[in-house]
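Each chain, letter by letter, is given below.
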Amino acid sequence: MLFVECDTASGAEIYQLTDGSRPADNIYGEQPYSSPCGTRIAVRHYPHERTDGGLSILDLTDGSIHPVLNSMPRFPAFHAWGEHLYFQEFVGKELVLRRCHYLTLHTEDVIVLPSGTTGQLRYGTVSRDLRYYAVNFYPNPASSRLLLFDLAGGANSVLAESTTHRFKHEQFSRDGRNLILVQANSADVAVVNLGLIHPDGSGLEWLPVDSRPRVPLGKWRGRDRYTPRCTGHETWIGTTDRVFLSTAYDSASMTSIWSVSLSDEEPTAVYQGEHVFGHVATSRCGRFWLADAPYEEGIPIYVGSFGAVSCKRLCLSRTVHDGRQWSHTHPYFTADNRWVIFTSNRSGIPQICGARLPDGLLSSL
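Conventions we followed
- Residues numbered from 1 in each chain as written.
- Predicted model: local features only at pLDDT ≥ 70, side-chain atom pairs only at ≥ 80, totals over all residues.
- Heavy atoms only, no water.
- Helix = DSSP H or I, 4+ residues; strand = E, 2+ residues; numbered from the N terminus.
- Rg over C-alpha atoms; globule rule 2.2 N^0.38 Å.
- Buried < 20%, exposed > 50% of the residue type's maximum accessible area, 1.4 Å probe, protein only.
- Contact = heavy atoms within 4.5 Å.
- Areas by Shrake-Rupley, 256 points an atom, 1.4 Å probe, with all protein chains shown as cover.
- Lys, Arg positive; Asp, Glu negative; His and termini not counted.
- Charge placed at Lys NZ, Arg CZ, Asp CG, Glu CD.
- Pairing = 2+ DSSP bridges.
- Axes fitted to C-alpha atoms, helices over the stretch in contact; angles between N-to-C directions.
- Salt bridge = Lys/Arg side-chain N within 4 Å of Asp/Glu carboxyl O.

Caption draft 1: Region of interest: the overall build of the chain. Across its full length, the chain carries zero helices and 28 strands. For 365 residues, the compact-globule estimate of 2.2 N^0.38 gives 21 Å, and the C-alpha radius of gyration of the chain, at 20 Å, lies within 12% of that figure. Its C-alpha atoms give the chain principal-axis dimensions of roughly 55 × 50 × 35 Å. The buried share among the 365 residues of the chain stands at 57%. Pairs at least 24 apart in sequence give 45% of the contacts found in the chain among residues at least 6 apart. As displayed, the chain offers around 14,700 Å² of accessible surface, 48% of which is attributable to carbon and sulfur atoms. Across the chain, the 33 positively charged side chains and the 38 negatively charged ones have centroids separated by 2 Å.

This is the structure:
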């Protein structure tokens, strides 16, 4: 754990948490890959020269790193602040959903995934109660299906299917209802809709963001346009039924970040001002939000409160986008709100960094 700098605006201490010749990233920010106690996070390594990629768990208390997978991993499943890290791995010719306990490091099989899906199966999401695994499947370039696996009974079913929209970024809610947030991109990606679906198979219901689907896939109400195009970065707000998302900048509302639920007639601006945000995340408690500003020098990360429409700069990520995911910040809070984890290539090689929050910063928001 290498101290890098202290941010002049917030007082946050910035550390480089990983090192070595292999590029590394924190995987994704919308559903934090970290333990419920806040002390351990997941690390994805990329191949470099003769060294393969991998998946590891990093301890924030002593800086130790513990390998989980010693080959280039498939994208791990979403399961925010959970006791386990879920991931897909080939065991012989079978694709298996496995999980590793963040603290004990015990790894075990969960289910064997159906044959014939290995090349087109996405990463999926595991419900908070550990009962379900939902995952998008692409049978062909023009078709998309959302599959549901009952981890207790073993049955699987198709929750939604489309030949006009590409489903992505499936995320289970944390409110006990197991609603699945689904991103649906139009074929030309000009429109990014967000919908919710329940495991009972009652159908997709669209949130009032972006524009009305040209071919309805589920329930829809209201006008044709709600916000500028969604960026594809969205997440649940704590254990509520609300979703936090970013869009292109809306000059009328003076915002690019919003909160919304199915009961809303239109989304609510979370911030109003000059900043244009991209990647977003929320705290486990649901009170605070994070977002980076990709068009500003140094790509700063800002922190705000859902109880206010202002924000403060937490730190400069100093990453430079190079067209690869490992150069995106993907910031997130650890479960205890002590750290904000993000990726940066500030050292020349993508590595995971952490901003240790000073006492009183969040309460000042």
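Caption draft 2: Structural context of the sheet that holds strand 9 (residues 107–112). In space, the three strands of this open sheet follow the order 7-8-9, with antiparallel pairing throughout. The sheet terminates laterally at strand 7 (84–91) and strand 9, the two strands that pair on one side only. Ignoring strand direction, the axes of neighbouring strands in this sheet form an average angle of 35 degrees. One ladder, built from eight bridges, connects strand 7 with strand 8 (residues 94–101); its direction is antiparallel. In the strand pairing of strand 8, phenylalanine 90 is matched with leucine 95.

Caption draft 3: Representation of the pairing of strand 25 (residues 311–316) within the structure. Pairing of strand 24 (residues 300–305) with strand 25 involves five bridges; the strand directions are antiparallel. Residue proline 300 lies in a different strand from strand 25, and its bridge partner there is leucine 316. Once strand 24 ends, the chain turns through five residues before running back antiparallel as strand 25.

Caption draft 4: Just the environment of proline 294, in detail. Within the secondary structure layout, proline 294 lies in the loop between strand 23 (288–292) and strand 24. Proline 294 sits 16 residues away from glycine 278 along the chain, and the two C-alpha atoms are 6.3 Å apart. Residues contacting proline 294, with those up to four places away along its chain left out, are Val276, Phe277, Gly278, Ile299 and His321.

Caption draft 5: A look at the pattern of salt bridges. Per the stated rule, a full pass over the model turns up 14 salt bridges. Residues glutamate 5 and arginine 346 are paired through a salt bridge, measuring 2.9 Å at the closest nitrogen-oxygen approach. Of this pair, glutamate 5 sits in strand 1 (residues 2–6) while arginine 346 sits in the loop between strand 27 (339–344) and strand 28 (351–356); the two residues are 341 residues apart in sequence, bridging distant segments of the chain. With relative accessibility at 24%, the residue arginine 346 sits in the partly exposed group.

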